[in-house]
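An overview of the molecular structure
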Amino acid sequence: MAKVIERLEQKQCELAQPRDKAYLLNDGAGLYLTIQPNGKKLFNLVFGYGGKRISKALGELGKITLKDARELAKIKRAEIESIPKETTAHNLKITFKAVFKEWIATKIDHTATDTLSRWEYYNKAYFVDFENKRMRDISTGDIMRALDDYLKEQKKESFKKALGVLKAVFNHAILYNYCEINQASKIAIKPLFAKIKTKHMSYFSELAQVKELKERILASRATPPLKRLAIFLLYNVTRPSEARLAQWSEIDLEKGIWTIPAHKMKMREAHTIQLSRQIREMLERVSVHAHKKTDYIFKSLKGGVFSENAINAMLKRLGYSGDIFTAHGVRATFTTILNDRQDEHGLSDNIIQACLAHKIGDSVARSYNHANFERLKAKLYQYWADLLGEIG
C-alpha cells in the first residue's frame, strides 16, 4: 500500500528550523521544501519522467507561498510531461547551434544583459567549432579543443564559466531528448588547473591609495565619459557592469537615488543606491546632454556603451596592472577601509554589506525599518564620498 503523504501547511513551513545539515519537508506530488543550514527555505519539484530524474527549483519561501509553489509545480510538471518520452529521429538531428538558440531564449527574461552578452561571446568565439554538429555527436574532445586557448593560457575562471554554459545547454538538450549524455559534465576542471591558485580581485587597503587612483583618473588622457564612468564606479562601489550599463531612466536626481533594476543585478533583486552629493553634482553637469531618458549615462565616442574591459584597460594605462588593482576590486576596497573605520562612521558591517547589495539575512533586515535602513546606507555612501573628496 502506498504511503500517504500529509500535505504541508504554510505555518509549518514558516516555523521549520534549520539544522546542521539540509533536510526536506515533503508536500507530495514531487513538491519538497528544502531547509538549509543557513535558514534559507527553497521549494523544489522532483520526480521521475522518461527514465530520468527531473529536478526544478521553484522559489524561496517568503518570496512565494506554499500555495504559489503548488501552482508552479503543476505548471512545470505539465510542461515537462508534454515532452515526448521517446527520442524521435527529428530530435536526434538537432544541432548545437539550434539548441543554444533555444536554451538562451529561455533565459532572456531573468538574466542580466551583461551575462547574456558573455554567453553569446562564448558561442561566437569558442562554440562555433561544433555549432553544426548534432548534440549527440559532440564529444568531450570537441569541447576541450574549443576551449583550448583558455587551457593554454591557464585561465581557470574563464574556462570554468564557458564550461558551465555548455553544461547548461546540454542539460536543456537532455530534457528535450536531443541527446542523452552531458559531455560537458564529464570534464573535471581541477586536474586541468592543478597548479593554479585561485586569484582574488586585486584591491587597496589604504585610503591614500584610493585617493591617488582618483586623482590619476581625473588627470588622465582618457575620454571624459570614460573618466566619469570610472569615478561613478569608485564612488558607488557597484559591479563594473552595473555602472557601465546605467541609464538615465534609473536615476532620480531630485531625490538623489539610483535604482538598479533586478535584471541587471547578480542576485536578480533591484538595488537602491543613495547618490552622494559629489556624484549628484557630476551627473547634473552632464544630464543636460542626455537626448532621452532611456539613454545610457556613459557612452563611448562611437555612441555605444563601453566594453566590459574598458575600465581595466584604462587602469592598466595608468600603471595599475591586474595584480595591483582591478575595477571589481573597488568593492573589496570599500569593505576593507570602512570596516577599519567603524569607530568613525559608527555603522555596522550589515550596512556596509547592504551598500554592496550583499544578502544580510532576513532576520537582520527585519530589525531595521525600511526608511531607517535606507537612511543609514545614504550616510555611509556620503561618508565614503567625503573620504575620497571632491570630483572637480
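This text gives an overview of the structure that appears in the document. (Residues numbered from 1 in each chain as written. Predicted model: local features only at pLDDT ≥ 70, side-chain atom pairs only at ≥ 80, totals over all residues. Heavy atoms only, no water.)

1. Some words on the pattern of salt bridges
For clarity, the threshold we go by: A carboxyl oxygen of Asp or Glu within 4 Å of a side-chain nitrogen of Lys or Arg is what we treat as a salt bridge. Every helix listed is a DSSP run of H or I at least four residues long, and every strand listed is a run of E at least two residues long, numbered separately from the N terminus. Burial here depends on accessible area, computed with a 1.4 Å probe over protein chains only, as a share of the maximum for the residue type. Under 20% is buried, over 50% is exposed, and the range in between is partly exposed.
Using the criterion set out here, one finds 18 salt bridges in the structure. Between Asp137 and Arg134 there is a salt bridge; the shortest N-O distance is 2.6 Å. Two residues, Glu374 and Lys377, come together in a salt bridge whose shortest N-O distance is 3.5 Å. On the criterion of helical spacing, the pair formed by Glu374 and Lys377 is a turn pair, its members being three residues apart in helix α18 (residues 370-388). No difference in accessibility class separates Glu374 from Lys377, as the two residues are buried. Each of Arg7, Asp27 and Arg70 takes part in salt bridges that share partners, so that together they form one network.

2. Examining the pairing of strand β1 (residues 23-28)
Here is the rule: We call two strands paired when DSSP finds no fewer than two bridges between them.
Judged from the five bridges that link them, β1 and strand β2 (residues 31-35) form a sheet pairing that is antiparallel. What sits directly across from Leu24, in β2, is Thr34. In this structure, the hairpin formed by β1 and β2 is closed by a connection of two residues, where Ala29 is found at a positive phi of approximately 60°.

3. A short note on the environment of Ser348
Relative to the elements of secondary structure, Ser348 occurs in the loop between α15 (342-345) and α16 (349-355). Sequence-wise, Ser348 and Leu376 are 28 residues apart; in three dimensions their C-alpha atoms are separated by 9.7 Å.

Function-wise, these values are silent; they only describe arrangement.
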